Amino acid sequence: MLEWIKAMYMSLRQPRAGVIETKNITHEELKGMTKLELEELGIQLFDIDIDRRKKHSSLVAKLWKKIKKIK
């Protein structure tokens, strides 16, 4: 039941206009972002849902791993 709710929720979310270059994002910039900004970045770049209930540092680490794979 939760999977169809998540699918519906994710399909309704539209990323912000504009293209973000992953090569320009540094680890320090990720540390300076809020949890909401990190979540939006994860949705825009990697189409992943980031759980904002986790610590800020774990969210940064998760996104940084994804960015390093692309670089």
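Residues numbered from 1 in each chain as written. Predicted model: local features only at pLDDT ≥ 70, side-chain atom pairs only at ≥ 80, totals over all residues. Heavy atoms only, no water.

1. Structural notes on the nonpolar core
Right, so step 1: Core analysis: the largest hydrophobic core is formed by eleven residues, namely Ile-25, Leu-30, Leu-38, Leu-41, Phe-46, Ile-48, Ile-50, Leu-59, Val-60, Leu-63 and Ile-67.
Right, so step 2: Contributions of two or more residues to this core are made by α3 (35–46) and α4 (56–70).
Right, so step 3: The biggest single contributor to this core is α4, with four residues. (Core = buried A, V, L, I, M, F, W, Y, C linked by side-chain atoms within 4.5 Å. Buried < 20%, exposed > 50% of the residue type's maximum accessible area, 1.4 Å probe, protein only. Helix = DSSP H or I, 4+ residues; strand = E, 2+ residues; numbered from the N terminus.)

2. Brief notes about α4
Right, so step 1: With 15 residues, α4 should cover 21 Å at 1.5 Å per step; its first-to-last C-alpha distance of 22 Å lies within 8% of that length.
Right, so step 2: Within the span of α4, buried status applies to Leu-59, Val-60, Leu-63 and Ile-67. Around the axis of α4, the buried residues are gathered within 95° of arc, so they sit on the same side. Among the exposed residues of α4, those oriented more than 90 degrees off its buried face are Ser-57, Lys-65, Lys-68 and Lys-69.
Right, so step 3: Where α4 is buried, its residues meet α2 (27–32) and α3. (Expected span 1.5 Å × (residues − 1). Arc of directions from axis to C-beta. Contact = heavy atoms within 4.5 Å.)

3. Here we look at the environment of Lys-62
Right, so step 1: With respect to the helices and strands, Lys-62 occurs in helix α4.
Right, so step 2: Among the residues examined, Lys-62 registers a relative accessible area of 38% and is labelled partly exposed.
Right, so step 3: Along the backbone, Lys-62 and Gly-42 are 20 residues apart, and their C-alpha atoms lie at a distance of 9.4 Å.
Right, so step 4: For Lys-62, the residues in contact, after removing those within four places along its chain, are Ile-48 and Asp-49.

4. Focus on the pattern of salt bridges
Right, so step 1: Applying the stated rule across the entire model yields three salt bridges.
Right, so step 2: Note that Glu-28 is salt-bridged to Lys-31, the shortest N-O span being 3.9 Å. Here Glu-28 and its partner Lys-31 are both found in helix α2, three residues apart, which amounts to about one turn of the helix.
Right, so step 3: For Glu-28, a relative accessible area of 55% corresponds to the exposed category. (Salt bridge = Lys/Arg side-chain N within 4 Å of Asp/Glu carboxyl O.)

5. A closer look at the packing of α3 against α4
Right, so step 1: Contact geometry of α3 with α4 gives a least axis separation of 10 Å together with a crossing angle of 25°. Between α3 and α4, the angle is such that the two are roughly parallel. Our pair here, α3 against α4, has a crossing hand that is left-handed. Contacts between α3 and α4 involve Lys-35, Leu-38, Leu-41, Gly-42 and Phe-46 from the first element and His-56, Leu-59, Val-60, Leu-63, Lys-66, Ile-67 and Ile-70 from the second.
Right, so step 2: A class-by-class count of the residues in the contact of α3 with α4 yields eight nonpolar, two polar and two charged. (Axes fitted to C-alpha atoms, helices over the stretch in contact; angles between N-to-C directions. Parallel < 35°, antiparallel > 145°, perpendicular 65-115°, else oblique. Left-handed = near helix turned anticlockwise from the far one by under 90°. Nonpolar A, V, L, I, M, F, W, Y, C, P; charged D, E, K, R; others polar.)

These values are about where atoms sit, not about what they do.
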